[in-house]
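Close look at the chain arrangement
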There are 2 protein chains.
Amino acid sequence: FSPFDVAPLVPKQPVDAPASTRPSRTVKEFLKAINWLHFGLLIGTPIIAIYGMLTVSLTWKTFVWTFIYYHMTGMGITAGYHRLWSHRAYSAKAPLRAALLIFGAGAVEGSCRWWCRDHRAHHRYIDTEKDPYSAHYGFWWSHFGWLMMKQDPKKIGRANIDDLNADPWIMWQHKNYLKIATFMGFIFPTLVAGFGWGDWAGGYFYSGVLRLVTVQHSTFMVNSLAHYLGDTPYDDNHTPKDSFVTAVLTFGEGYHNFHHEFPSDYRNAYKIYQYDPTKWLINILSYVGLAYNLKTFSDNEIQKGMLQMHEKHIAQKRESIYWGIKKEDLPSMTMEEFDQLVTKQNRKLIIINDNVLDVETFMNDHPGGLSYINMGIGKDATKMFTGEVYGHSNAAKNLLCQFSIATISNEKKDN
Amino acid sequence: FSPFDVAPLVPKQPVDAPASTRPSRTVKEFLKAINWLHFGLLIGTPIIAIYGMLTVSLTWKTFVWTFIYYHMTGMGITAGYHRLWSHRAYSAKAPLRAALLIFGAGAVEGSCRWWCRDHRAHHRYIDTEKDPYSAHYGFWWSHFGWLMMKQDPKKIGRANIDDLNADPWIMWQHKNYLKIATFMGFIFPTLVAGFGWGDWAGGYFYSGVLRLVTVQHSTFMVNSLAHYLGDTPYDDNHTPKDSFVTAVLTFGEGYHNFHHEFPSDYRNAYKIYQYDPTKWLINILSYVGLAYNLKTFSDNEIQKGMLQMHEKHIAQKRESIYWGIKKEDLPSMTMEEFDQLVTKQNRKLIIINDNVLDVETFMNDHPGGLSYINMGIGKDATKMFTGEVYGHSNAAKNLLCQFSIATISNEKKDN
Ligand code: HEM
Ligand code: HEM
Ligand SMILES: [Fe+2]
Ligand SMILES: [Fe+2]
Ligand SMILES: [Fe+2]
Ligand SMILES: [Fe+2]
C-alpha cells in the first residue's frame with residue numbers, strides 16, 4: 001500500500017467552492033447522479049415515520065423502548081463505528097465488538113468498513129475536495145447531500161483501512177450488511193415491542209422508523225452542525241467546532257474541534273462538565289472490563305492548543321490597539337535641534353528613553369499636575385519619569401508613545 | 001517648589017516590612033506616639049453609636065434620613081475630596097464645590113487640604129515607606145492604624161498641593177475645619193431630624209454618630225480592603241485591586257487597580273455594569289451643569305493595560321507547559337550517524353524539520369496508524385508530515401518536540 005498513488009498533494013487551502021459555483025448540470029445528468037437507494041431511504045423513512053405518528057398512538061412502554069433503542073443504535077455508531085473502529089481510540093472485547101457492530105448496523109448508515117473509510121478520508125482531507133463531506137460545500141451537503149449523490153471514487157481521498165480489511169468481524173458485517181441492517185433497523189425493534197407488550201405498530205413506526213430517522217440525523221450533524229456551530233478552542237485552521245448544543249444532539253460528538261485535533265482520544269469532551277455520554281459509556285464499559293486500552297492525549301498536549309489559541313486572540317487584540325508611530329518611522333533629531341526647538345520656538349518637548357515627546361496637548365491634563373511635568377520640559381526626563389520623582393505606572397509608560405515625534409540621534413545628554 | 005528636597009529615590013520595591021519586624025517600642029513610647037484626638041474619635045464614636053442603638057429606637061424617617069446623609073457625606077469625600085480635589089478628575093461650579101466641602105467635612109475625616117496631601121503622597125509613593133497608609137504595613141494599619149498614631153512628617157513622602165494652597169475655598173475649609181466638622185458631623189443631622197419630625201435623639205445617635213462611624217469605615221476601606229481584595233486587571237506591580245465587594249462598601253471606589261493606573265479619570269468603574277455611584281453622581285451633576293470637564297483616559301490606553309496583563313498570564317501559562325528539550329540542549333547528529341542508527345541498530349528514528357525524533361514509544365499509538373508513520377522511519381519525513389501525505393494538525397506539530405533526541409548537523413537529505 002502506498003499513499004502516493006492517490007493524490008499528488010493535499011490542497012493546503014480549503015477548497016471554498018459553494019454549490020452554486022460548481023459546474024451546473026442538466027436535469028438529466030442530475031437525476032443520473034442521484035444515488036436512488038440512499039435517496040429513497042432518506043426521503044422515504046421520514047414520510048413513513050410521519051404517517052405512523054398520525055395514525056398510531058404512542059404508548060409509554062414503546063416511548064421508553066424507542067428512547068433506549070435510539071441510544072443503543074446511536075452509540076453503536078459513536079462508540080463503535082466512530083471511536084473504536086475509525087480512530088482505534090480504545091480496544092474492545094469480543095462481546096462488545098459484536099454488540100457495537102450489530103446495533104451500529106441498526107442505525108442503517110452503511111457497513112462499518114464503508115463508514116470508517118469515508119470518515120478517515122474526512123479527517124485526512126478535512127475541508128478539501130477530497131473530504132467526502134467537506135463543510136465547504138455547504139451545510140446540507142455535509143449533512144446528507146453527499147449521501148444522496150453517487151460518490152465519485154476518483155474524487156474522494158483515499159484512506160488506509162488495512163486494519164479493517166484484516167478484521168474478519170468487520171468483513172462479516174460488511175458482507176451481510178443489508179440483512180443485518182434490515183433486521184436491526186426495522187424488524188428487531190418491532191419484535192421487542194410486539195412480543196413484549198403487544199404494540200406491533202408502535203414498535204415498527206416509533207422504535208423502528210422514527211428512531212432510525214432521528215439517529216441518522218443526529219449522527220449526520222457531526223458532519224454538518226459540528227463544522228458550523230461553536231468555538232475553536234484548540235485550532236482555527238479548519239472548520240470543526242466545539243459546541244454544547246451539537247454535543248447534546250449527537251451523543252457527545254459535539255466537541256469536534258477537540259476531536260479533529262486529538263482524533264484517537266476516546267473522549268470528545270475533555271472537560272469534566274461537558275456532555276459526552278459516549279465517553280461515559282466507554283468509561284463504564286472499561287470499568288466492567290469490556291473496553292480497555294483507552295487512549296488519551298496528555299493534558300500537556302491539550303493545554304498547548306488552548307494556549308496557542310489564546311495567544312492568537314491576544315495578538316489580534318494587540319493589533320487592534322494604537323501604539324503610536326513606529327520607532328523606525330520616526331525622524332531623528334540631534335540634541336542641538338531639540339534644544340533649539342525648546343528655547344527658540346518654545347516647544348513643549350521632553351526626552352524620555354531617547355524619544356522626543358511633544359507634551360503640549362497633554363501637560364495640562366497630566367495626572368501628576370502641571371508643575372511636575374514642567375520640570376521635565378527641555379530635558380532628558382527619563383530618570384525623573386522612572387523613579388527619581390515618581391515611578392510612573394504601566395499606564396503612564398504606555399501613554400508615552402502617543403506623544404513621540406522623533407528619536408534623539410546622538411548620545412544621551414545627562415540630566 | 002522642588003520635589004528633590006524630599007526623597008533621594010523612591011524605593012522601587014515595595015517595603016515589605018510587617019509590623020512585627022519593625023523596631024519594637026516600650027509601652028511608654030507607644031502611648032506617646034498615639035494621636036489622642038484621632039484615637040478618641042475613632043474609639044469613642046462607635047461606643048456612642050452602640051449606646052444609642054441600645055437605648056434609642058430607630059424610626060423609619062430617621063432611617064431614611066440616615067441613609068441619605070450617609071451618601072451625602074460619603075460622596076462628599078469620594079466625589080469631592082478624592083476625585084475633584086486630590087485628582088482634579090473634573091471641574092465643579094461654585095455651589096457644587098461649596099456643597100462638597102461642607103458635606104465632606106461632615107464625614108469628619110480631616111480637612112480637604114490635609115486629606116488630599118496624604119492621598120497624593122499615597123499615590124506617588126504607593127506601597128513604600130513614604131506612603132502614609134502603605135498596605136505593606138498590614139490591613140489594619142492601612143485601614144485606620146495610621147490615623148491613630150502621630151504622623152512622622154519626615155517619613156511621609158511629600159506631594160505637591162500648590163493648587164490647593166492657592167484655592168481660597170480649600171483654605172477656608174482648612175482653617176475652619178473643626179467648627180464645620182462638628183456642625184456637619186453631629187449638629188446638622190440632629191437638627192434635621194429634630195425640627196423635621198421631632199426625633200432629636202435618633203437624629204443624633206443614628207444620623208449623626210452611627211452614620212459618621214459607617215462613612216468613616218467605608219472610606220477607610222479604600223485604603224485597606226481596596227489594596228487587599230480582588231483582581232489586578234491593569235497592573236499587578238502594586239497592591240491596588242479591583243473588587244465589586246469593595247465597590248459596594250465604598251460608594252464605587254472599589255475598582256482601585258483601575259484608579260491607581262488612571263487616577264485622573266473621573267470614573268473608577270470603567271465598565272458599564274460595574275458599581276460606581278460616585279461616577280453616576282458626577283454624571284448627573286455634569287448633566288445639570290454643575291460638573292464639567294470630566295476627564296477620562298481613552299479606551300485605547302485602558303485596553304493596553306488589560307492586554308498586557310493577559311499577555312503576562314498567558315506567558316505564565318506557557319512556562320507551565322513542557323515543550324520538550326530545548327533545541328540548543330540537543331546533541332547534533334550527522335546524516336551518516338542517523339542512517340547507521342536506523343539500519344544497524346534498528347532505531348525507529350524520523351527526521352522532521354531538522355530534528356531527529358525517536359518514535360519507538362509513539363508509533364503504535366500514532367493516530368494515523370502504524371503503516372503511515374512507518375513510511376517515514378529512516379527518512380526526512382518533513383514533507384510527508386506537512387502535507388504530502390497528510391497536513392498534520394497543530395496538535396500533531398506540538399507533539400513532535402516530545403520525541404526530539406538530536407538535531408541533524410549537515411544539509412537536509414532529500415526525501
Ligand atoms: C509625557 C510624560 C508624562 C506622562 C505621559 C505622565 C503620565 C502620568 C500619569 C498617567 C500619571 C498618573 C499616575 C500613574 O499612572 O502612574 C502621572 C502621575 C505623576 N507624574 Fe507624570 N507623566 C509624565 C511626565 C512626568 C514628569 C516629567 C514628572 C516629574 C518630573 C512627572 C511626575 C508625576 C508625579 C509626581 C505623578 C504622581 C501624582 C499622583 O499620583 O498623585 N510626570 N503621570
Ligand atoms: C512523530 C511523527 C508524527 C506524529 C507526532 C504524528 C501525529 C499525528 C496525529 C496527532 C494525528 C491525528 C490527526 C492530527 O492531529 O492531525 C496524525 C494523523 C495522521 N498521520 Fe501522523 N504523525 C507523525 C508522523 C506521520 C508520518 C510520517 C505520516 C505519513 C507518512 C503520518 C500520517 C498521518 C496520517 C495520514 C494521519 C491522518 C489519519 C486520520 O486523521 O485519520 N504521520 N498523526
Ligand atoms: Fe469532522
Ligand atoms: Fe472522527
Ligand atoms: Fe490606594
Ligand atoms: Fe486616589
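Refer to the structure printed above.
Residues numbered from 1 in each chain as written. Chains lettered and ligands numbered in written order. Predicted model: local features only at pLDDT ≥ 70, side-chain atom pairs only at ≥ 80, totals over all residues. Heavy atoms only, no water.

Taken as a whole and judged by the stated rule, the model has 20 salt bridges over all chains. The shortest N-O distance in the salt bridge between B:Arg318 and A:Glu311 comes to 2.7 Å. In this pair, B:Arg318 is assigned in helix α14 (residues 299-319) and A:Glu311 in helix α14 (residues 299-319), connecting two distinct chains. When salt bridges with common partners are traced through the structure, they connect A:Arg83, A:Glu253 and A:Asp276 into a single cluster. (Salt bridge = Lys/Arg side-chain N within 4 Å of Asp/Glu carboxyl O. Helix = DSSP H or I, 4+ residues; strand = E, 2+ residues; numbered from the N terminus.)

Right, let's talk about the site of ligand 1 for a bit. Around ligand 1 sit 23 residues, and of these A:His366, A:Tyr390, A:His392, A:Ser393 and B:Glu261 come closest. At the site occupied by ligand 1, nearby residues are drawn from chains A and B. Between ligand 1 and A:His366, the relevant distance is 2.8 Å, taken from a nitrogen atom to a side-chain nitrogen or oxygen of the residue. Mapped onto the shell around ligand 1, the elements with two or more residues apiece are α16 (370-376), α17 (382-388) and α18 (394-400) of chain A together with α5 (112-124) of chain B. The residue makeup of the shell around ligand 1, split by class, is 15 nonpolar, five polar and three charged. (Near = heavy atom within 4 Å. Polar contact = N/O pair within 3.5 Å; in protein donor to acceptor, adjacent residues only side chain to side chain. Nonpolar A, V, L, I, M, F, W, Y, C, P; charged D, E, K, R; others polar.)

Time to look at a nonpolar patch on the surface. All names here are of chain A. A cluster of nonpolar side chains, contributed by Leu58, Trp60, Phe63, Val64, Phe67, Ile68 and Met72, occupies part of the molecular surface with about 700 Å² of accessible area. Note that phenylalanine 63 resides in helix α3 (residues 60-86). On the accessibility criterion, phenylalanine 63 (39% relative accessible area) is partly exposed. (Patch = residues over 30% accessible without salt bridge, like charges linked within 9 Å, V, L, I, M, F, W, Y side chains within 5 Å. Areas by Shrake-Rupley, 256 points an atom, 1.4 Å probe, with all protein chains shown as cover. Buried < 20%, exposed > 50% of the residue type's maximum accessible area, 1.4 Å probe, protein only.)

Okay, the pairing of strand β6 (residues 404-408) of chain A next. Residue and element names in this part refer to chain A. Where burial is concerned, most of β6 is hidden: four out of the five residues are buried. The sheet contact formed by strand β3 (residues 332-333) and β6 spans two bridges and is parallel. Residue pairing for β6: methionine 333 is matched across the bridge by isoleucine 408. Sheet analysis places strand β5 (residues 355-358) next to β6, joined by three bridges and oriented antiparallel. (Pairing = 2+ DSSP bridges.)

Here we take up the coordination of the iron ion (ligand 5). Residue and element names in this part refer to chain B. At the metal site, the iron ion (ligand 5) is ligated by His122 (NE2), His227 (NE2), His256 (NE2) and His260 (NE2), and these contacts range over 2.1 to 2.2 Å. The site at the iron ion (ligand 5) holds four donor atoms, and with the angles between them running 91 to 168°, its shape is irregular. Summarised as a motif, the one-chain spacing of the donors to the iron ion (ligand 5) is H-x104-H-x28-H-x3-H. Between the iron ion (ligand 5) and the iron ion (ligand 6), a separation of 5.7 Å is found. In this pair, histidine 122 is assigned in helix α5 and histidine 260 in helix α12 (residues 256-261), connecting sequence segments 138 residues apart. As far as the burial class goes, histidine 122 and histidine 260 line up, both buried. (Donors = N, O, S within 2.8 Å, 3.2 Å for Na, K, Ca; no water. Tetrahedral: all angles 85-135°; square planar, octahedral: opposite > 155°, others 65-115°.)

Moving on, we come to the interface of chain B and chain A. Contact residues are listed per partner, giving 56 residues for chain B and 56 residues for chain A. The largest per-residue losses of area from chain B upon contact with chain A belong to B:Lys304, B:Leu307 and B:Tyr372, which jointly make up 11% of the total buried on that side. At the junction of chain B and chain A, the tally comes to two salt bridges. At the boundary of chain B and chain A, one finds 20 residue pairs in polar contact (both at pLDDT 80 or more). At the level of secondary structure, the elements contributing two or more residues to the side of chain B that touches chain A comprise α5, α14, α16 (370-376), α17 (382-388) and α18 (394-400) of chain B. The biggest single contributor to the side of chain B that touches chain A is α14(B), with 12 residues. Of the residues assigned to the side of chain B that touches chain A, the class counts are 24 nonpolar, 18 polar and 14 charged. (Contact = heavy atoms within 4.5 Å. Buried area = accessible area lost by both parts, 1.4 Å probe.)

Attention now goes to the relation of the copies chain B and chain A. Overlaying chain B with chain A gives an RMSD of 0.1 Å, the required rotation being 180° about an axis along which the chain moves by 0.0 Å. Read as a symmetry element, the transformation amounts to a two-fold axis. By C-alpha distance to the rotation axis, the residue of chain B lying nearest is B:Glu311, at 3.9 Å. When the interface residues of chain B are mapped onto chain A, 100% of them again fall at the interface, so both copies present the same face. (Least-squares fit on C-alpha atoms with pLDDT ≥ 70 in both.)

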